[in-house]
Amino acid sequence: MCSESANELIEVSMRMDDFSSEWMHCDRISSYIARLVAQDRPDPLYYENLFSSAMNELLETVYLNHGSEGDLTCRVRRMDETDVIEIGLPSDEKTSDFYTDVVSALDGRDIEDLYNAALFAAGQRDARLGMFELAVDYKAKITVLTSSGRLTLSTQIAFGGAQ
Amino acid sequence: MVMANKGVFQAGFNENNQEFIISGKLRPSNEIELESLLRGIEEAVANVQGRFYLNVKRLAYINNIAFCALHRVIAQLSSRRLDVQFVIVTSSVLGWSTRKFSAIAQRNDNVAVAEYDTEFYPGQSFLEDGGFIPILRNQTRLTWRHERDLLTQHGLQPGTDVADICCGIGDFAVLLKKEFDPSRLLALDHSRSSLEYARKIASDFGLTDIEYVYGDAAELLIADNTFDFVTCRHSLQIFDKPDMILRELFRICKPGGRVYVTNEKNSHCLGEPRADSIQWTYSEVAKLFSHFKMDVEYGPKSGRYLMDTGFEDVKVDTFMVTNRDGDPQDFAAVIQAWEDVYAGQMARDRGDSAEFIARFRQGFQDHISAALHPKGYAGWPIWAASGRKPL
């Protein structure tokens, strides 16, 4: 989770049923936030591109896996080279189980195998793929916290090559 | 064939190059949205022989839904067409591109990934290592005294949005910032070592609002119509496809804004005494660069190329940097740096004989002597040209 010393950069919120009414909301929110948080990074365009790519995968995952009543919140905090993306969403048992299971899998030694299997799977897409990608390709640390019908997905990510 | 989806992505097949190009953003909600794109790839592959290029170097974003769909089609086609080598052309400008598409190549024998940028710049290795930094520093110091006034004549105004493309070590951007205080100043280059140096220089001067960006001048990620004034100095002459860069400069310039370029004609460098030796060496410099597909004779052609790109109100000026401009040692230092790279590295890499290199070096030394001699004269001509993007 994010430490107390992290600086809050931006927070965006909207009703979940509004968010999940249009797929392109994932793209628009990730592009908007990426543009803003990249501004004071050494190479803003490079950073924006990577940040948007990572955040879009998170939002697409949330788009497909969320509870029904409540708001979607997206908050970004900064700790030096690391940014922390916190996505809050309404949650039910099924939603909670999904994210808890994925995060458990991220800690396993076979995460790269799981990622490749999901990436090149025949047939229906694996809903865990986006989070697997963040953990493997971006070395992101993802945690999940549930409380009173809501769930917070926290992703610590540093784009080492974004100079 | 050109296809597009809500202005988000564009795709098309170039039969001459056997190259299918996808650019923009691929973030569909399902594969059905990509049906025409995937069918286009299948149709393109059906008609190729030998090698098929899938060019994604300007595909700025892709989600996993699109990636999986692309992989599925490429895997099917590559297993069906074992006689064809599939090459996916990526870009180092995008942090994820080569890594992501390499996964496809690892799983399919006749699929390879080529990172476009490193192959695009034939002479880039000479310019991207730290050895060129002394040349660039001295050059900017010498040219600025001429360009400061020229920039105003070519339309640069304080408080506007400015981009310096191929910014090198960023010293020109620092001077722009101090003199013209742009409301936005983006400085882009393709050399990470130069950008690292640029950020250090800016930091030393306490300049925190210059955006130093890693990028490919021919394939900029910058949006259309973004800047009021775009500079690109001493750079068109060292790329083998300057027309591609000019088109990008045109694209990112706002309508009514101007693009400003400077270039040289190296064979016209001159000096007295020992004019013949000096002239011979610089004529050979032009041939040497030509060998590496760079045109250091570009200067007088600048105006024509700007017009061909679509610019109007094209202005062309020349100025001669000389040993009389300031400290002759500065001029001599530039020539020495040229000799070190051109004779010490490039001529050797071309396979030139020791005899040739000795004569080649002599011309530089004679140029230095002319610069430092109390009665001598040494000159380096530069063409500055700009054009306005039509409204």
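Residues numbered from 1 in each chain as written. Chains lettered and ligands numbered in written order. Predicted model: local features only at pLDDT ≥ 70, side-chain atom pairs only at ≥ 80, totals over all residues. Heavy atoms only, no water.

**Q** What is the right way to look at the pattern of salt bridges in this model?
**A** Between side chains of opposite charge, a pair can form when the charged atoms approach closely. Residue and element names in this part refer to chain B. Within this structure, the stated rule accounts for 37 salt bridges over all chains. Residues Asp 209 and Lys 177 are paired through a salt bridge, measuring 3.2 Å at the closest nitrogen-oxygen approach. Here the residue Asp 209 occupies a position in the loop between helix H8 (192–204) and strand E9 (210–214), and Lys 177 occupies one in helix H7 (residues 171–180), the gap between them amounting to 32 residues. Looking at Asp 209, the relative accessible area reads 44%, which means it is partly exposed. Classification of Lys 177 by relative accessible area gives buried; the value is 9%. In this structure, the salt-bridge partner of Asp 243 is Arg 247, at a minimum N-O distance of 3.6 Å. (Salt bridge = Lys/Arg side-chain N within 4 Å of Asp/Glu carboxyl O. Helix = DSSP H or I, 4+ residues; strand = E, 2+ residues; numbered from the N terminus. Buried < 20%, exposed > 50% of the residue type's maximum accessible area, 1.4 Å probe, protein only.)

**Q** Just checking my understanding: could you explain the interface of chain A and chain B for this structure?
**A** A common measure of how large an interface is: the accessible area buried when the components associate. The interface is formed by 28 residues belonging to chain A together with 31 residues belonging to chain B. Carbon and sulfur atoms make up 53% of the area that chain A and chain B hide from each other, which totals about 2,500 Å². By the criterion of area lost to chain B, the three top residues of chain A are Leu 45, Asn 49 and Phe 120 of chain A, representing 25% of everything that side buries. With its nearest N and O atoms 2.7 Å apart, the salt bridge here joins Lys 100 of chain B to Glu 133 of chain A. Put simply, chain A and chain B have 15 residue pairs in polar contact (both at pLDDT 80 or more) between them. In terms of residue count, helix H3 (residues 44–64) of chain A provides more of the side of chain A that touches chain B than any other element does, 11 residues in total. When the residues that make up the side of chain A that touches chain B are grouped by side-chain class, the tally is 11 nonpolar, 9 polar and 8 charged. (Contact = heavy atoms within 4.5 Å. Buried area = accessible area lost by both parts, 1.4 Å probe. Polar contact = N/O pair within 3.5 Å; in protein donor to acceptor, adjacent residues only side chain to side chain. Nonpolar A, V, L, I, M, F, W, Y, C, P; charged D, E, K, R; others polar.)

**Q** Quick question: what am I supposed to make of the nonpolar core here?
**A** One recurring pattern in soluble globular proteins: nonpolar side chains tend to sit buried together. The biggest cluster of nonpolar side chains holds 180 residues, and the ones touching the most others in it are Ile 22, Phe 52 and Ile 165 of chain B. Sorting elements by how many residues they give to this core places H3 of chain A first, with 11 residues. Inspection of this core shows a minimum of three residues originating in each of domain 1 (2–119) and domain 2 (124–388) of chain B. If we skip the residues at most four places from it in the chain, Phe 52 of chain B touches Phe 13, Gln 18, Phe 20, Ile 41, Ala 44, Val 45, Val 84, Gln 85, Phe 86 and Val 87 of chain B. (Core = buried A, V, L, I, M, F, W, Y, C linked by side-chain atoms within 4.5 Å. Domains from an automatic or database assignment.)

**Q** Can you walk me through the layout of surface pockets in this structure?
**A** Left-over empty space is what a probe sized like a water molecule reveals as it rolls over the atoms. Quantified by volume, the second largest pocket comes out at close to 410 Å³. As for the second largest pocket, its lining consists of 21 residues, of which Gly 123, Gln 124 and Arg 125 of chain A together with Glu 31 and Cys 68 of chain B are closest to the centre. Elements supplying a minimum of two residues to the lining of the second largest pocket: helix H5 (111–119) of chain A together with helix H2 (64–80) of chain B. Looking at which element gives the most residues to the lining of the second largest pocket, the answer is H2 of chain B, with 7 residues. A class-by-class count of the residues in the lining of the second largest pocket yields 10 nonpolar, 7 polar and 4 charged. (1 Å grid on protein atoms, 1.4 Å probe; cavity = no way out; pocket = protein on both sides within 12 Å on 5 of 7 lines; lining within 4 Å. Points joined across faces, edges and corners; volume = space filled by probe spheres on them.)

**Q** How do you make sense of the domain arrangement of chain B when you look at a structure like this?
**A** Residues and elements named next belong to chain B. When cut into domains, chain B gives domain 1 (2–119) and domain 2 (124–388). The straight-line distance from the C-alpha centre of domain 1 to that of domain 2 is 36 Å. Each partner contributes residues to the interface: domain 1 has 8 residues there, and domain 2 has 12 residues. When the two sides are added together, the surface that domain 1 and domain 2 hide from each other amounts to roughly 770 Å², 54% of it contributed by carbon and sulfur. Run the count over domain 1 and domain 2 and you get 1 salt bridge. Note that Glu 248 and Arg 58 form a salt bridge whose closest N and O atoms lie 3.4 Å from each other. Listed by contribution, the elements that provide at least two residues to the side of domain 1 that touches domain 2 are strand E4 (51–62) and helix H4 (116–120). When its residues are assigned to classes, the side of domain 1 that touches domain 2 shows 4 nonpolar, 1 polar and 3 charged.

**Q** Would you mind going over the packing of aromatic side chains with me for this structure?
**A** The geometry of an aromatic ring pair comes down to the distance between the two centres and the angle between the two planes. All names here are of chain A. Going through the model one piece at a time under the given rule, you end up with 25 aromatic pairs over all chains. A ring pair is formed by Tyr 138 and Phe 159, whose centres lie 5.7 Å apart and whose planes are at 90 degrees; its orientation type is edge-to-face. One end of the pair, Tyr 138, is in the loop between helix H6 (129–137) and strand E4 (141–147); the other, Phe 159, is in the segment after strand E5 (150–157), and 21 residues separate them in sequence. Neither Tyr 138 nor Phe 159 differs from the other in exposure class; each is buried. (Phe/Tyr/Trp six-rings, centres within 6.5 Å; stacked < 30°, edge-to-face > 60°.)

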